Amino acid sequence: MIEDRVKRTSAVVIFLAIGVATLTGTVLAADVASEQNAAQTALNQTNDSFNVSNLSVEDGENVTVTADIDNPGAEPAIQAVELRIDGELIEYRPWALNPGETEQISFDVGSDQVSEDSIISVQTRMRGEVAIFGEATSPEASITFEDQTSDGTNVTIANISNDETPYYGAVWTVNNETGEPETLLGATQVTENETSNLTVSFEEPIEENQTLVAAVHPDEDGNASTVDPVADEILASDTANVTVEMVEQPPEASVTFEDQTSDGTSVTIANISNDETPYYGAVWTVNNETGEPETLLGATQVAENETSDLTVDFEEPIEENQTLVAAVHPDEDGDAETIDPVADEILASDTANVTVEMVEQPPEASVTFEDQTSDGTSVTIANISNDETPYYGAVWTVNNETGEPETLLGAAQVSDNETSNLTVSFEEPIEENQTLVAAVHPDEDGNASTVDPVADEILASDTANVTVEMVEQPPEASVTFEDQASDGTSVTIANISNDETPYYGAVWTVNNETGEPETLLGAAQVSDNETSDLTVDFEEPIEENQTLVAAVHPDEDGDAETIDPVADEILASDTANVTVEMVEQPPGASVTFEDQTSDGTSVTIANASNDEIPYYGAVWTVNNETGEPETLLGATQVAENETSDLAVSFEEPIEENQTLVAAVHPDEDGNASTVDPVADEILASDTANVTVEMVEQPPEASVTFEDQTSDGTSVTIANISNDETPYYGAVWTVNNETGEPETLLGAAQVSDNETSNLTVSFEEPIEENQMLVAAVHPDEDGNASTVDPITEAILASDTANVTVEAVEQPPEASITFEDQTSDGSTVAVANAFYEQPPFYVAVYGTNASSDMMIIGLQQVSEPESSGLTMTVDEPLAETGTLVVGLHPDADGDAETVDPMTDSYLAIGMAEVTVDLDDANATSAIEALL
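Since the model is a prediction, treat every value here as computed from it, not as a measurement. (Residues numbered from 1 in each chain as written. Predicted model: local features only at pLDDT ≥ 70, side-chain atom pairs only at ≥ 80, totals over all residues. Heavy atoms only, no water.)

**What to know about the overall build of the protein chain**
And step 1. A tally of regular secondary structure across the protein chain gives 4 helices and 63 strands.
And step 2. Residue burial in the protein chain is summarised as follows: out of 929 residues, 42% are buried.
And step 3. For the protein chain, long-range pairs separated by at least 24 residues make up 65% of all intrachain contacts whose partners lie at least 6 apart in sequence.
And step 4. Split by element, the accessible area of the protein chain, about 49,400 Å² in all, is 40% carbon and sulfur. (Helix = DSSP H or I, 4+ residues; strand = E, 2+ residues; numbered from the N terminus. Buried < 20%, exposed > 50% of the residue type's maximum accessible area, 1.4 Å probe, protein only. Contact = heavy atoms within 4.5 Å. Areas by Shrake-Rupley, 256 points an atom, 1.4 Å probe, with all protein chains shown as cover.)

**Observations regarding the sheet that holds strand β40 (residues 589-592)**
And step 1. If you walk across this open sheet you meet the 3 strands as β40-β42-β45, and the pairing is antiparallel. On the outer flanks of this sheet lie β40 and β45 (642-649), each paired with one strand and no other. Between one strand axis and the next, the sheet turns through 30 degrees on average, direction left out of account.
And step 2. Here strand β42 (residues 602-610) pairs with β45 via 7 bridges, running antiparallel. Note on β45: the bridge partner recorded for Asn 607 is Ser 644. (Pairing = 2+ DSSP bridges. Axes fitted to C-alpha atoms, helices over the stretch in contact; angles between N-to-C directions.)

**Quick look at the confidence of the model for the protein chain**
And step 1. Model confidence for the protein chain is summarised by a mean pLDDT of 85, while 82% of its residues fall at 70 or above.
And step 2. Between residues 1-46, whose pLDDT stays under 50, and residues either more than four places distant or in other chains, the model counts 132 contacts. (pLDDT = per-residue confidence, 0-100.)

**Overview of the sheet that holds strand β29 (residues 418-425)**
And step 1. Here 3 strands make up an open sheet; going across it, the order is β24-β26-β29 and the pairing antiparallel. Whereas interior strands pair on both sides, the edge strands pair on one side only; in this sheet they are β24 (365-368) and β29. Direction aside, the axes of adjacent strands within the sheet are offset by 30 degrees on average.
And step 2. Examined bridge by bridge, β24 and strand β26 (residues 378-386) share 4 bridges and lie antiparallel to one another. Within the sheet, the bridge partner assigned to Val 367 lies in β26 and is Ile 384.

**Focus on the pairing of strand β2 (residues 62-70)**
And step 1. Buried residues dominate β2, accounting for 7 of its 9 residues.
And step 2. As defined by bridge partners, strand β1 (residues 51-59) adjoins β2 across 7 bridges and the pair is classed as antiparallel. Paired with Glu 58 across the bridge in β2 is Thr 64.
And step 3. Counting the residues that bridge the hairpin from β1 to β2 gives 2 residues.
And step 4. Where β2 and strand β5 (residues 102-110) come together, 9 bridges link them in antiparallel fashion. Its bridge partner being in β5, Asn 62 is matched across the sheet by Gly 110.

**Considerations on the nonpolar core**
And step 1. In terms of nonpolar packing, the biggest core is built from 25 residues, with Ile 815, Phe 817, Val 827, Val 829, Val 841, Leu 882 and Leu 886 touching the most fellow members.
And step 2. Residue assignment for this core shows that the elements contributing at least two residues are β56 (813-816), β58 (826-834), β59 (839-846), β60 (852-860), β61 (864-871), β62 (880-888) and β63 (906-914).
And step 3. Residues contacting Val 829, with those up to four places away along its chain left out, are Ile 815, Thr 816, Phe 817, Val 841, Ser 866, Gly 867, Leu 868, Met 870 and Val 884.
And step 4. By size, the runner-up hydrophobic cluster in this structure holds 23 residues, among which are Ala 477, Val 552, Leu 571 and Val 578. (Core = buried A, V, L, I, M, F, W, Y, C linked by side-chain atoms within 4.5 Å.)

**A few points about the packing of aromatic side chains**
Any aromatic ring pair is given by two values, namely how distant the centres are and how the planes are angled relative to each other.
And step 1. If you walk through the whole model with that rule in mind, you get 1 aromatic pair.
And step 2. Pairing Tyr 834 with Phe 839 gives two aromatic rings, centres 6.0 Å apart and planes at 80 degrees, and the pair type is edge-to-face.
And step 3. Among the residues examined, Tyr 834 registers a relative accessible area of 6% and is labelled buried.
And step 4. Residue class for Phe 839 comes out buried when judged on its relative accessible area of 0%. (Phe/Tyr/Trp six-rings, centres within 6.5 Å; stacked < 30°, edge-to-face > 60°.)

**Quick look at the side chain of Asn 175**
And step 1. Structurally, the position occupied by Asn 175 is in the loop between β11 (167-174) and β12 (181-190).
And step 2. By relative accessible area, which is 19% here, Asn 175 ends up buried.
And step 3. Within the local environment of Asn 175, its side chain forms a polar contact with the backbone nitrogen of Glu 177, the two atoms lying 2.8 Å apart.
And step 4. Leaving out residues up to four positions away in the same chain, Asn 175 has contacts with Glu 180 and Glu 182. (Polar contact = N/O pair within 3.5 Å; in protein donor to acceptor, adjacent residues only side chain to side chain.)

**Points about a nonpolar patch on the surface**
And step 1. Residues Ile 119, Val 130 and Ile 132 make up a contiguous nonpolar surface patch of about 250 Å² in total accessible area.
And step 2. Looking at the element boundaries, Ile 132 is found in strand β7 (residues 128-132). (Patch = residues over 30% accessible without salt bridge, like charges linked within 9 Å, V, L, I, M, F, W, Y side chains within 5 Å. Salt bridge = Lys/Arg side-chain N within 4 Å of Asp/Glu carboxyl O.)

**Digging into the environment of His 777**
And step 1. Topologically, His 777 is positioned in strand β54 (residues 770-778).
And step 2. Polar side-chain contacts of His 777 include one of 3.1 Å to the side chain of Trp 732.

**Some thoughts on the environment of Gln 189**
And step 1. Considering the arrangement of structural elements, one finds Gln 189 in strand β12.
And step 2. Residue Gln 189 is classed as partly exposed on the basis of its relative accessible area, which comes to 37%.
And step 3. Here the alpha-carbon distance between Gln 189 and Val 200, two residues 11 residues apart in the chain, equals 9.3 Å.
And step 4. A polar contact of 2.7 Å, which involves the side chain of Gln 189, links it to the side chain of Asp 219.

**Notes on the pairing of strand β19 (residues 279-286)**
And step 1. Counting buried residues in β19 gives 8 out of 8 residues, a clear majority hidden from the surface.
And step 2. Judged from the 7 bridges that link them, β19 and strand β20 (residues 293-302) form a sheet pairing that is antiparallel. Paired with Ala 282 across the two strands is Ala 299, which belongs to β20.
And step 3. From the end of β19 to the start of β20, which pair antiparallel, there are 6 residues, and Gly 291 there has a positive phi angle of about 75 degrees.
And step 4. Examined bridge by bridge, β19 and strand β22 (residues 322-330) share 7 bridges and lie antiparallel to one another. Within β22, the residue paired with Trp 284 across the bridge is Val 325.

**With respect to the pattern of salt bridges**
Pairs can form between side chains of opposite charge once their charged atoms are near each other.
And step 1. Considering all chains together, one arrives at 2 salt bridges under this definition.
And step 2. Salt-bridge contacts for Arg 84 lead to Glu 82; the nearest nitrogen and oxygen are separated by 2.7 Å.
And step 3. Note that Glu 91 and Arg 93 form a salt bridge whose closest N and O atoms lie 3.0 Å from each other. Take Glu 91 and Arg 93: they sit in the same class, and that class is buried.

**A short note on the environment of Val 255**
And step 1. Note that Val 255 resides in strand β16 (residues 253-256).
And step 2. On a C-alpha basis, the gap between Val 255 and Thr 351 in space is 9.5 Å, while along the polypeptide they are 96 residues apart.
And step 3. Each residue touching Val 255, except ones within four places of it in the same chain, is listed here: Ile 269, Asn 271, Ile 272, Ala 326, Val 328, Ala 348, Ser 349 and Asp 350.

**Brief notes about unusual backbone geometry**
And step 1. Here Thr 165 and Pro 166 are connected by a cis peptide whose omega angle stands at -5 degrees.
And step 2. Among the structural elements, Pro 166 can be located in the loop between β10 (154-162) and β11.
And step 3. A cis amide bond links Thr 725 with the next residue in sequence, Pro 726, at an omega value of -5 degrees.
And step 4. Within the secondary structure layout, Pro 726 lies in the loop between β50 (714-722) and β51 (727-734).
And step 5. One non-glycine residue with positive phi stands out, namely Asn 54, at about 55 degrees.
And step 6. For Asn 54, the position within the fold is in strand β1.
And step 7. Residue classification places Asn 54 among the exposed positions, given a relative accessible area of 53%.

Next up, the structure:
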């Protein structure tokens with residue numbers, strides 16, 4: 001309703017250039033009050049002309065001309081709408097519209113007033129549309145239907161468009177004789193003027209390759225089932241060859257999973273089947289919110305089409321009663337580890353309630369004892385384990401008659417649940433080849449001497465054949481290691497010798513508790529049987545005075561890196577007290593600078609390091625004659641001892657390919673601008689060839705967003721600019737945690753490179769004070785709705801604090817003016833309402849010059865008046881369209897009503913039919929004359 005939308009409008013100026021068509025020929029001869037005449041200037045002014053669109057001409061008994069009229073302005077307005085044929089004015093009407101309101105106007109013209117090719121137009125003050133009588137005014141439509149492969153249930157229309165929405169994209173079979181559409185396969189309703197990749201599903205699938213036709217149809221009743229090429233016009237069509245490839249159906253699968261009790265380590269699937277083998281029976285936990293499988297507990301591969309009582313072991317046991325789901329999964333690669341409810345289809349599933357009853361298990365124990373050769377003093381147990389620690393790995397002789405363990409040879413206490421290569425030393429060596437038994441025993445008192453196969457349970461055992469081979473004695477070796485002072489990076493072994501060469505002189509730290517070698521500091525390979533003053537460098541320097549051990553080690557493979565006090569025998573050793581006297585070393589520095597391509601504004605140093613921080617990574621040009629650094633291009637301060645991919649920006653860009661040098665400099669004063677190859681030492685340097693490829697710079701953009709007060713429906717960006725137009729000024733909420741733009745509130749397209757005071761209206765108003773961010777976005781497709789900080793670059797942004805202050809709304813006002821029959825002396829206003837009385841209701845008509853003027857006025861003192869009778873200044877002689885307006889009364893004086901100073905609070909328009917008897921008609925005509 002017009003009165004509903006005009007409530008929020010504070011002022012309106014009315015304009016009518018021509019007049020009211022249905023009152024043509026009638027002269028309202030009498031003058032009206034002087035204050036009413038003064039209103040005429042204002043009635044001929046307006047800010048925006050009404051627009052005309054969707055002109056349609058229909059031929060019949062009469063010719064009907066229709067068009068949409070809309071008010072693009074910000075205020076309610078009344079304007080004249082003209083119908084012209086071949087330039088001649090046929091009819092005009094006053095038309096009242098609220099801001100943004102659109103209504104359809106219709107004119108009926110006699111068939112004798114038009115001829116073939118007559119030019120018919122509907123016009124407002126500055127807008128209009130033209131049609132040629134006899135020409136089709138059907139909407140523009142297009143369709144693109146491409147050759148494709150389908151499973152026979154649907155096809156895709158590549159592109160479809162129509163000026164009028166909604167409409168249908170339909171697909172038909174083709175009549176082989178006529179080439180016309182024959183049978184409707186399916187249709188999809190479209191609500192947008194243009195769309196791509198429209199899927200049309202078929203009511204019945206097709207099974208053979210064939211040519212189909214896709215067509216655009218108008219949609220008159222919103223019912224897709226009524227699309228008919230006979231009854232509905234085909235606006236556009238296209239054909240395509242459709243190849244049908246039947247999709248292989250998934251295999252049949254089933255699973256039965258029943259409620260059960262479990263120890264938490266496995267469950268049983270009662271029955272499982274699948275047409276294709278192998279496949280998996282898997283068990284999952286259930287997501288309480290979605291009811292979907294969540295965590296894989298275990299899976300069992302099945303090789304038969306159907307099996308019963310399938311056990312599925314869990315990777316980790318469950319401890320609580322819960323509902324689980326059993327599922328059938330295809331097995332594409334034979335690897336149970338790859339089962340994934342996202343990637344692999346669940347062919348069938350079933351749920352069951354699983355009650356967990358924990359069963360106390362005896363400790364698990366195992367032992368692997370392999371055939372081996374021994375020197376008779378010990379053997380090695382390949383692997384031993386037990387759930388409870390500590391325990392014993394023991395080795396026994398075997399009673400030849402009973403095959404049972406007989407005599408304990410030795411036992412080793414084990415503190416880990418599982419260990420490999422456990423050495424068990426014998427109390428007395430054996431000298432003959434024989435079968436021995438290795439056993440796992442519990443350790444109740446921590447005393448290895450009490451291990452007894454009679455008293456202690458044997459938890460697990462294994463036998464092995466042991467071959468005894470006497471070991472050749474190691475060569476003679478000696479070492480002399482004397483107390484000394486060191487800088488912590490190396491020591492000197494006074495004398496070292498060994499019968500077999502090469503060998504190693506190694507230096508170790510000493511374990512304070514055992515006195516044994518503990519950590520290898522360094523080793524030097526020796527090729528002479530005897531040498532003096534052997535220097536051994538340390539891999540890592542020591543910083544404190546301590547006792548070290550020097551040792552002679554055999555060298556079996558010539559690789560110093562494999563020295564190991566466990567695996568390599570220590571042939572001889574000696575200790576010495578080493579006093580560390582630190583020597584101040586220059587900082588260690590390094591730099592790696594690799595050949596690269598640059599845009600000339602910066603380069604990347606692959607790796608830079610220095611012992612002392614902070615320091616500088618600097619890049620210099622190279623003097624062609626001396627090869628030394630010459631001109632500083634840029635330097636970056638580094639706060640870490642080592643960094644990779646260090647970007648160094650140049651103060652001035654380079655434009656030519658050249659060799660540059662990257663250098664590590666100390667930073668004494670924390671000022672990057674003082675880096676100087678003369679005054680500052682170059683600690684390390686490296687050169688690289690830099691190829692310059694100029695990169696096209698992104699457009700320059702800026703935005704200024706200032707703190708402001710808003711009513712919550714919009715904000716103002718103080719200034720915004722971008723080199724490339726059009727672009728968007730968008731306003732977003734801010735994510736409190738990340739500080740990044742979060743929710744788009746609104747965006748305004750900008751066509752100028754720079755603009756000030758850009759208003760951005762919000763799709764939904766905000767109600768609370770908050771910080772917002774204004775951003776510049778590129779506009780690639782001209783569609784403001786696609787502005788997205790994820791897919792489109794934010795070229796510039798600024799934040800502002802926005803204070804929301806609700807704007808006091810103007811008082812409510814409305815007027816209802818309905819079509820009616822009158823005797824010409826009065827008109828009836830059905831209802832007039834204004835929250836702040838008194839107010840005025842005015843009736844407007846036109847004078848002989850077709851200007852709008854007040855022909856009736858009445859003051860109303862109550863907030864609402866129904867059935868208000870308005871007396872017109874001069875009787876109406878003919879049927880016509882009248883306008884009524886509701887005005888505030890600022891001073892309570894009806895004589896001062898003035899459309900220049902008093903706002904239009906509401907307006908209405910109605911058709912008034914004048915019904916006069918003969919006497920009244922005669923007197924009215926005489927009065928006019």
